[in-house]
Amino acid sequence: MYRKDFHTTTTARIMDSSTTNFVIIGAGPVGILTALAVAKATKDPSRVVVYEYRPNLEQRLEESYPIGVSPRGLRALQAVCRLAHDQIRDTGVLVDSWDIYAGARQVAEVKSGTTMGHTRFSITDTLYQQAIAEGIQVKMGYKLSGLDVASKTLTFTLEEGTKEETVDCRTSVVIAADGSSSATRRLLESAAESTDDASYAPTRNDTTPWQMYFRVLVMDGNGVTAESSSVPLKPNSHSIYSGVYIALIGPPGQRQWVVVPSGKLNTPDAEWFFLESDNPSTEMMDKLRKYLAEKIPPIQDTEKYFTDSEIQAFFSRRLFTGSLISLAPLNYPHNQMDDKSNNTPSKEKSWIVFLGDSAHGVFPATGEGLNSGLDDVYVLCQTVLWPAYGDPRATLPKTDIIDLAAYAEERQPDVDALSILAKDILTMTTGTPKMKAISLMTTILAAMARSLRFIGPSEAELRYGPNSDKELLPYREVLRRHLRDTFVPRTIATGIVSLYYVLSAPFGLIASLIRANNKALSPKAE
């Protein structure tokens, strides 16, 4: 079901909870929710400090992409911080469905009714305000620049590189929640190489770039409002038009339509999409308008929905991209040796653990980047914090120890399953023509079988569909059902597409020979 390219042996791997402090790297939603979880469990916010490389968490709507908080994410929020949960639930836009279009025709629908539409910034800000209210220290402008596993210290560079600060972690747990470009992960790997200590080396550290980039536009035309019928889109649906994501986001009374075009390098649209300019030419602006009109038929009259100033601003906004990340194990030092390794497993207690995108970055189309990270925090509570400091549900025995390996052992199968799902979804966008054809045909055949009730709900519906708030399945179970239900459709699709490639190959060869012959016979310019 999931990749297990290591084996485990029993070792001493625990820390005394009464003397343990917590250092969190990254003040995104996962990092801050983890800090809230620690403060709640220990009943002492002074025992946790969050370090963030950015000078502040401020972010404009135009540079914060839309996301959905599913029942998985809401469960974690409710368990850790009820106030944040209620605010996020009450200010979000209920997402009834994700609608996928080819031109003006809707070709697929993933029903939900359980997910709240937001932006990443709105989630981060809500959690940050709660952390400040709880007295949790969040240090801004601290860039992690060093990790010494021998002395168990972290080094942070601050104030534009003019100062450094070293943090002693001999009695601390370090929780890395610093995203898919995790400095913690990179420094840990370097430390393992320099010390030749295999217990700090990942047994798997796969990075697969999305090869896709995104930018945000906001509908600001005259008369465009959240309630206006002049926008011919469903306010409670997130729509995908040929790679363009459209959603209504924002709290009641302040909601706005956002449009997120996507771009790839070495494509016809790359010329204007990747242009970074405060003063783009009229030609570039017209190309953007033409792209929007072609991709999104309901808003072909782009002059009505986007002012010139908004179209111009698009070219000055941040491009964002990312990578699929698959890390194993999740805790360090670990006692999980690669089967080919002759190293002796470590008996030292784990003091570093990875959460969120730093451990399992996914593709936006999965809808799980934020939710899987929040779910990490929930599992950390179940396996580490509640056993160590007391279970608020009074269902787990109190152990008074910090055992990060317990978290890793419980969580690894699920994040590995999620990585497989994410890679499958990414293939539909960035795979080879043959891979994309197989994925598309598999999806179509599976949808036909589903409509006839031959197979169960899609993997997306299992994760955030209408019944996901009643039966929230772990990712490993979602993957198991997905592979079972799509086995026959995928086998048929693979056969059909492969046969097409075999039969079309001779015709392609003949066409190439004809072109070569014509070129050889054509008169050469003197």
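For the structure, see preceding data.
A quick note: this is a predicted structure, and the numbers were derived from the prediction, not measured.

(A) Summary view of the pairing of strand E16 (residues 237-241). Along E16, 4 of the 5 residues are buried, which leaves the element largely enclosed by surrounding structure. Relative to E16, strand E6 (residues 93-102) is paired through 5 bridges, and the arrangement is parallel. By the bridge assignment, Ile100 is partnered in E16 with Ile240. Note that E16 and strand E17 (residues 244-249) share 3 bridges and pair antiparallel. Its bridge partner lying in E17, Ser239 is registered against Ile246. The antiparallel hairpin formed by E16 and E17 contains 2 residues in its connecting segment, where Ser242 sits at a positive phi of about 50°.

(B) Structural view of the packing of helix H1 (residues 29-42) against helix H4 (residues 120-133). Relative orientation of the contacting elements H1 and H4 amounts to 25°, with a least axis distance of 9 Å. It follows that H1 is roughly parallel to H4 by the angle criterion. Crossing of H1 against H4: the hand is left-handed. Two secondary-structure elements touch here, H1 through Pro29, Ile32, Leu33 and Leu36 and H4 through Arg120, Ile123, Thr124, Leu127, Tyr128, Gln130 and Ala131.

(C) Main features of the side chain of Arg317. Checked against the element boundaries, Arg317 lands in the loop between helix H9 (308-314) and strand E20 (323-328). Given the relative accessible area of 5%, Arg317 is considered buried.

(D) Inspection of the packing of helix H12 (residues 404-430) against helix H13 (residues 433-451) at higher detail. For the pair H12 and H13, interaxial distance at closest approach is 8 Å and the crossing angle is 115°. In this structure, H12 crosses over H13, and the sense of that crossing is left-handed. Contacts between H12 and H13 involve Asp424, Thr427, Met428, Thr429 and Thr430 from the first element and Met435, Lys436, Ser439, Leu440 and Thr443 from the second. Its residues placed into classes, the contact of H12 with H13 shows 3 nonpolar, 5 polar and 2 charged.

(E) Focus on unusual backbone geometry. Backbone torsion omega between Ala328 and Pro329 reads -10°, so that peptide bond is classified as cis. Inspection of the secondary structure assignment puts Pro329 in the loop between E20 and strand E21 (331-332). With an omega of -10°, the peptide bond running from Tyr332 to Pro333 counts as cis. Although it is not a glycine, Lys152 adopts a positive phi angle of roughly 55°. Not every positive phi belongs to a glycine, and Arg453 is a case in point at roughly 65°. Mapping Arg453 onto the fold places it in the loop between H13 and helix H14 (459-464).

What counts, and where the lines are drawn
Residues numbered from 1 in each chain as written. Predicted model: local features only at pLDDT ≥ 70, side-chain atom pairs only at ≥ 80, totals over all residues. Heavy atoms only, no water. Buried < 20%, exposed > 50% of the residue type's maximum accessible area, 1.4 Å probe, protein only. Helix = DSSP H or I, 4+ residues; strand = E, 2+ residues; numbered from the N terminus. Pairing = 2+ DSSP bridges. Axes fitted to C-alpha atoms, helices over the stretch in contact; angles between N-to-C directions. Parallel < 35°, antiparallel > 145°, perpendicular 65-115°, else oblique. Left-handed = near helix turned anticlockwise from the far one by under 90°. Contact = heavy atoms within 4.5 Å. Nonpolar A, V, L, I, M, F, W, Y, C, P; charged D, E, K, R; others polar.

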